[in-house]
Amino acid sequence: MKYHQMTKNYIFRKLECGLTKNQTATLCCKSVRTINLWDSGAQIPEECKRLMRMCKGRELSPSEDWQQFRMHYDRLELPTGQLVSPQQILLGIALAEINSELEIKTSTHVVKLARAIADIKVRTLKEPSF
């Protein structure tokens with residue numbers, strides 16, 4: 001496909017999702033002819049776009065809670081940019097469930113600090129600036 005013939009759908013399928021016509025047809029249960037129509041500008045159904053994004057790790061879920069999370073091969077990219085393995089996630093969950101005395105004290109301290117910061121922000125917004 002020549003540069004001047006590239007449509008948004010072609011760019012989405014080929015460059016953003018990295019899928020071939022055959023891969024897209026198989027994934028979406030469509031014919032290659034339908035994929036050719038999409039590439040020439042016909043509208044791609046939303047469910048097919050979602051499948052294509054999910055297949056290449058660009059979207060984990062339609063829920064807004066997972067919006068900034070992405071998959072990179074065998075690692076989960078957090079909104080902070082950090083890549084974590086399944087073992088790290090399981091270890092984090094296990095540590096959070098232990099609820100050791102030190103963890104409870106630390107959590108209590110962090111919550112107090114967060115509340116203090118929130119109070120400062122609220123007071124700053126309410127006070128007139130000169």
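Residues numbered from 1 in each chain as written. Predicted model: local features only at pLDDT ≥ 70, side-chain atom pairs only at ≥ 80, totals over all residues. Heavy atoms only, no water.

Novice: Pulling in residues and values, what's your account of the sheet that holds strand 3 (residues 83-84)?
Specialist: Taken together, the three strands give an open sheet; going across it, the order is 1-2-3, and neighbouring strands pair in antiparallel fashion. Because the sheet does not close on itself, it has two edges, and the strands there are strand 1 (70-72) and strand 3. As defined by bridge partners, strand 1 adjoins strand 2 (residues 75-77) across three bridges and the pair is classed as antiparallel. Bridge assignment links histidine 72 to a residue of strand 2, and that residue is arginine 75. (Pairing = 2+ DSSP bridges. Helix = DSSP H or I, 4+ residues; strand = E, 2+ residues; numbered from the N terminus.)

Novice: Let's hear about helix 5 (residues 86-98): which residues, and what values?
Specialist: Compared with an ideal rise of 1.5 Å per residue, which puts 13 residues at 18 Å, helix 5 spans 19 Å between its outermost C-alpha atoms and is within 8% of the ideal. Once helix 5 finishes, asparagine 99 follows within two positions and takes phi at roughly 50°, a positive value. (Expected span 1.5 Å × (residues − 1).)

Novice: Lay out the nonpolar core with the relevant residues and their values.
Specialist: Membership of the largest hydrophobic core is limited to 10 residues, which are Phe12, Cys17, Leu19, Ala25, Cys28, Ile35, Trp38, Ile44, Cys48 and Met52. Those elements that provide at least two residues to this core are helix 2 (21-28), helix 3 (32-39) and helix 4 (46-55). (Core = buried A, V, L, I, M, F, W, Y, C linked by side-chain atoms within 4.5 Å. Buried < 20%, exposed > 50% of the residue type's maximum accessible area, 1.4 Å probe, protein only.)

Novice: Explain the state of the cysteines to me, and be specific about the residues and the numbers.
Specialist: Throughout the structure, instances matching the rule amount to zero disulfides. In this model cysteine 28 remains outside any disulfide bridge; the closest cysteine sulfur is found in cysteine 48, 3.8 Å from its own. Its sulfur unpaired, cysteine 29 is 7.6 Å from the next cysteine sulfur, which belongs to cysteine 28. Using a relative accessible area of 70% as the deciding quantity, one classes cysteine 29 as exposed. (Disulfide = S-S within 2.5 Å.)

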